[in-house]
Amino acid sequence: MTNLEKYTQIFTETFGISAEVAASLEYQQIQEWDSVGHMSMIATLENVFEIMLDTDDIIDFSSFEKGKEILKKYDVEV
Amino acid sequence: MKIIDAFWEKRNLGVSCSEVEIENGDLVELVKKELSTIDTQYTVLKVPSGRTDIILEITRGGYFFIEASLHLIHKLGDCHLNGIQERLAQKVDYQLMNEADIRVLFSEIASGMFNTDRISLDPYFSSEQSAKRYIGWISDELDKGTSVFKLIYKNETVGFFTFKDIGEGVYYPFLAGIYSNYAKAGIGFTTIYKPIFEALKKKGKMISTYVSTNNLNAMRMHEAIGFFCDKINYVFIKHS
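Please read these numbers as outputs of a predicted model, since none were measured by experiment.

I tried to follow the overall build of chain B on my own but got confused; where do I start?
Secondary structure assignment for chain B yields eight helices and 11 strands. A principal-axis box enclosing the C-alpha atoms of chain B has dimensions of 55 × 35 × 30 Å. Of the contacts formed within chain B by residues at least 6 apart in sequence, a portion of 71% connects residues at least 24 apart. The averaged location of the 30 negative side-chain charges in chain B is 4 Å from the averaged location of its 28 positive side-chain charges.

Pasting the structure below:
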């Protein structure tokens, strides 16, 4: 599985959405991506990629696309 | 049942208002009779869950369902935070607001901080009236000595919570929120967690609060932190 597939799967499984919806998803665009969903998604992301995000990055993680940029800082190319 | 003259809503919303609280033992006939005496422009009626006999009667009388209000409590002993929440919570501090902070808070509220309350969702009212009501409510509580705290992340104010002492070690954070610049930051849970922290500091026993079913995010956050529901009221409204 590629990193992009793993990354997409985190969104599809956490929020119960399709990969197509995930690709353009932004925070609070769906009810499931609220404060609670955000923590759950970040927790899975940290487990899957074996990283620990800085709090600024957790706060800045506002969309699927933004998340990809943030992961680069942790040497995770998506 | 209790019929309260909510005179403060004249200032907040511009209409006369009665708030009616139905109690579990109330008889339908008595409720019907008492409601017929109300002549305010806006009436809010709270019915305990399970009283479908009263619900059927009041809907025949022109009352419309607007929300369910969940009474949530947290007994402070068992506060769940996951690892990430814990990391974020450690970075978010809180401090009592001064007058300048209150002005910033009111400006945030006026710019549309809340949109799931029964006023902003009611087409008879507007989001401006909703904001005015919240500002009026907080001002009244400040006059009574209720504390309002700001939430701080890296020297920036990111949100607030109110903290009302209702006696016997029980605290009621009746309103909380995240400021617009941080509304998409996933830190909403700190508005719920920090009052617990403050109550523990004051050696309190319990947090008591209300959440509307129109605010699913708030319900999920409270549940995630260990609140449980001990009472539900169905809320009906009528405009005359």
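The rest of the description comes next.
How should the side chain of Thr 12 of chain A be read in this particular structure?
Structurally, Thr 12 of chain A can be placed in helix α1 (residues 3-15). Residue contacts for Thr 12 of chain A: discarding those within four places in its chain leaves Ile 17, Ser 18, Ala 19 and Ala 22 of chain A.

Sorry if this is basic, but what is going on with the pattern of salt bridges here?
Oppositely charged side chains are able to pair whenever their charged atoms sit close together. Residue and element names in this part refer to chain B. For the structure shown, the criterion picks out 17 salt bridges over all chains. A salt bridge links Lys 2 to Glu 21; its shortest N-O distance comes to 3.9 Å. In this pair, Lys 2 is assigned in strand β1 (residues 2-5) and Glu 21 in strand β2 (residues 17-21), connecting sequence segments 19 residues apart. What makes Glu 21 partly exposed here is its relative accessible area of 28%. For the salt bridge of Glu 19 with Arg 118, the shortest nitrogen-to-oxygen distance reads 4.0 Å. Pair noted here: Glu 19 is in strand β2 and Arg 118 is in the loop between α5 (99-110) and α6 (127-143), with a separation of 99 residues, a long-range link. Assigned by exposure class, Glu 19 and Arg 118 land together as buried. Beyond isolated ion pairs, a larger network of salt bridges with shared partners links Glu 141, Lys 144 and Lys 164.

What exactly am I supposed to notice about the packing of α1 of chain A against helix α5 (residues 64-72) of chain A here?
All names here are of chain A. As a packed pair, α1 and α5 sit with axes 12 Å apart at the nearest point and diverge in direction by 135 degrees. If you check the angle between α1 and α5, you find them oblique. For the pair α1 and α5, the crossing hand works out as right-handed. Residue-level inspection shows Leu 4, Tyr 7, Thr 8 and Phe 11 of α1 in contact with α5, the latter providing Phe 64, Gly 67, Lys 68 and Leu 71. Here the residues of the contact of α1 with α5 sort into five nonpolar, two polar and one charged.

For this particular structure, what's the right way to read the domain arrangement of chain B?
When the parts come together, some accessible area is lost, and that loss is often what is quoted as the size of the interface. All names here are of chain B. According to the domain assignment, chain B consists of domain 1 (2-69) and domain 2 (73-231). Look at where the C-alpha atoms of domain 1 and domain 2 centre, and you get two points 27 Å apart. Taken together, the contact pairs 13 residues of domain 1 with 16 residues of domain 2. Here domain 1 packs against domain 2, burying approximately 1400 Å² in sum over the two surfaces, 47% of which is carbon and sulfur. Where domain 1 meets domain 2, there are three salt bridges. Among the salt bridges present, the one from Arg 11 reaches Asp 140, with a minimum N-O distance of 2.8 Å. Seen at the junction of domain 1 and domain 2, the total is nine residue pairs in polar contact (both at pLDDT 80 or more). At the level of elements, α1 (8-13), β3 (42-48) and β4 (64-74) are the ones that each hand at least two residues to the side of domain 1 that touches domain 2. Sorting elements by how many residues they give to the side of domain 1 that touches domain 2 places α1 first, with five residues. Split by residue class, the side of domain 1 that touches domain 2 holds seven nonpolar, two polar and four charged.

About the criteria used
Residues numbered from 1 in each chain as written. Chains lettered and ligands numbered in written order. Predicted model: local features only at pLDDT ≥ 70, side-chain atom pairs only at ≥ 80, totals over all residues. Heavy atoms only, no water. Helix = DSSP H or I, 4+ residues; strand = E, 2+ residues; numbered from the N terminus. Contact = heavy atoms within 4.5 Å. Lys, Arg positive; Asp, Glu negative; His and termini not counted. Charge placed at Lys NZ, Arg CZ, Asp CG, Glu CD. Salt bridge = Lys/Arg side-chain N within 4 Å of Asp/Glu carboxyl O. Buried < 20%, exposed > 50% of the residue type's maximum accessible area, 1.4 Å probe, protein only. Axes fitted to C-alpha atoms, helices over the stretch in contact; angles between N-to-C directions. Parallel < 35°, antiparallel > 145°, perpendicular 65-115°, else oblique. Left-handed = near helix turned anticlockwise from the far one by under 90°. Nonpolar A, V, L, I, M, F, W, Y, C, P; charged D, E, K, R; others polar. Domains from an automatic or database assignment. Buried area = accessible area lost by both parts, 1.4 Å probe. Polar contact = N/O pair within 3.5 Å; in protein donor to acceptor, adjacent residues only side chain to side chain.

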